[in-house]
Amino acid sequence: MIETSMRAQMARTIAELMDDDPRLVMVLCDISVGLFDEVAAKHPGRVINLGIMEQTAVSLAAGFALEGFVPVVHSIAPFLVERPFEQIKDDFCYQRLGGNFVSIGASYDYASDGMTHQAPGDVAILKTLPGMEIVVPGTAAEFDTLFRQSYADGAPTYFRPSAQVNRVSRPVRFGQLDVVRAGAAATVVAIGPMLDRVLEATEGLDVSVAYCTTVAPFDAAGLRELARELPAPVVLVEPYYAGTGVADVVQALAPAPQRIEAIGVPRRVLRNYGTAEEHDAALGLTAAGIRAQLDGLLASTAG
């Protein structure tokens, strides 16, 4: 069984907030139920386990939101995002309701359970929804900070914790890029848990590194400020489908012509079982794999 520090932090954060915010309710789908036993006993009626009925869970959460509550729905990523996608779209985004969707397991933290438990496309499809906010923390402490900053902001918000984490938490702010390193040859945007491997991969390179934990709304102004030395390329390093954030970069830097590259999970069926680390190695998403791709990019740019 996979247990992550981010998942444990999710339970602690929500339990603490429920003590202070009577609007907060938790809707579970038979996942992480044991982590909420104590808070369910403390706040009866505000922690509900519907079992494996994710579409119903999202619609129930929308009902709570209509009555003035702030709901949180939690399950494994493919079952929280892809299975009830229409309910998220119709019941939350189209109704302009606030609520929170907290997953575990993406992109392939549950790779040993096969393709049905993988979700490298979760962020890509949620980005099609109007008003959807998307948060990809890199550590447990960052999840705590970002959740507290945005859980009650009145928008539907997707939080994407993962089993893979960065070693050190950054001073993250919702909606803002964090500039970790400045350089001239390229701007590398590392999303969430990709930061550590990006820092290792760019060691000795004259590149800027920006850390992104709020994917939507994307910090366009922050990227424009960092990447003002055009036409140096911008490289996105994403823990989900490669290219998911390219449109945000294009929009941020328009109308200037810009070379944009994306490093992430390839858009193909991942048929292999194994660990998340084995998938990263096979897909070139280790520090060494990212460095090889960056070296090729910078060489072609210099030429």
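See the structure shown above.
Quick summary incoming for the structure in this document. For every chain, the first residue of the written sequence is number 1, and numbering continues from 1 along that sequence. Only residues with pLDDT of at least 70 get local features here, since the model is predicted, and only at 80 or more are side-chain atom pairs given and counted; chain-wide, interface and lining totals rely on the full set of residues. By convention in this description, side-chain values take in all heavy atoms of the structure and omit both hydrogens and water.

Here we come to the overall build of the chain. Secondary structure elements are defined from DSSP: runs of H or I of at least 4 residues count as helices, runs of E of at least 2 residues count as strands, and each element is numbered from the N terminus. Scanning the chain for helices and strands turns up twelve helices and twelve strands. Put simply, the radius of gyration uses C-alpha atoms, and a globule should come to 2.2 Å times the residue count raised to 0.38. For a compact globule of 303 residues, the expected C-alpha radius of gyration is about 19 Å, and the chain comes in at 19 Å, within 12% of that figure. By principal-axis analysis of the C-alpha atoms, the chain measures approximately 65 × 40 × 30 Å. In the chain, which comprises 303 residues, the share counted as buried stands at 54%. Intrachain contacts of the chain at a sequence separation of at least 6 include 73% that bridge at least 24 residues. Accessible surface, the chain: about 12,500 Å² in total, of which carbon and sulfur atoms supply 53%. Think of it in three bands: with a 1.4 Å probe and only protein chains considered, a residue is buried below 20% of the maximum accessible area for its type, exposed above 50%, and partly exposed in between. It only takes one pair of heavy atoms within 4.5 Å for two residues to be counted as in contact. Per-residue and other accessible areas follow the Shrake-Rupley method at a 1.4 Å probe size, with only the shown protein chains counted as cover for residues.

Regarding helix α10 (residues 246-253), the residues found buried are Asp-248, Val-249, Ala-252 and Leu-253. Down the axis, α10 shows its buried residues gathered within 115° of arc, on one side only. For α10, the exposed residues set more than 90 degrees away from the buried face come down to Ala-247 and Gln-251. Where α10 is buried, its residues touch β10 (214-216), α9 (220-226), β11 (234-241) and β12 (260-265). The directions considered for the arc run from the helix axis to the C-beta atoms.

Let's shift gears to helix α11 (residues 276-283). Along α11, the residues that are buried comprise Ala-276, His-279, Asp-280 and Leu-283. Seen along its axis, α11 keeps its buried residues to an arc of 100°; they face one direction. In this structure, α11 carries Ala-281 and Ala-282 as exposed residues pointing more than 90 degrees from its buried face. In this fold, the buried residues of α11 make contact with α8 (195-201) and β12. Immediately beyond the C-terminal end of α11, within one or two residues, lies Gly-284, with a positive phi of roughly 75°.

Between the N-to-C directions of two axes lies an angle of 0 to 180 degrees, each axis being a line fitted to C-alpha atoms and, for a helix, fitted only over the stretch in contact. Packing of helix α1 (residues 5-20) against helix α7 (residues 140-150) brings their axes to within 8 Å, and their N-to-C directions diverge by 35°. The crossing of α1 and α7 is right-handed. Contacts from Ser-5, Met-6, Gln-9, Met-10, Thr-13, Ile-14, Glu-16 and Leu-17 in α1 reach Ala-140, Phe-143, Asp-144, Phe-147 and Arg-148 in α7. A class-by-class count of the residues in the contact of α1 with α7 yields seven nonpolar, three polar and three charged. Less than a right angle of anticlockwise turn of the near helix away from the far helix marks a crossing as left-handed, whereas a clockwise turn marks it as right-handed. Asp, Glu, Lys and Arg are counted as charged, while Ala, Val, Leu, Ile, Met, Phe, Trp, Tyr, Cys and Pro are counted as nonpolar; the rest, among them Gly, fall into the polar class.

On to the nonpolar core. Residues grouped as a nonpolar core are buried Ala, Val, Leu, Ile, Met, Phe, Trp, Tyr and Cys residues, joined through side-chain atoms within 4.5 Å. Grouped together as the largest cluster of nonpolar side chains are 47 residues, with contacts concentrated most on Ile-14, Leu-24, Phe-36, Tyr-108, Phe-147, Val-237 and Leu-294. By residue number, the principal contributor to this core is α1, which donates five residues. If we skip the residues at most four places from it in the chain, Val-237 touches Val-188, Val-189, Ala-190, Ile-191, Met-194, Val-198, Ile-263 and Ile-290. Counting 44 residues, the second-largest nonpolar core is a separate cluster that includes Ile-88, Cys-212, Phe-218 and Val-249.

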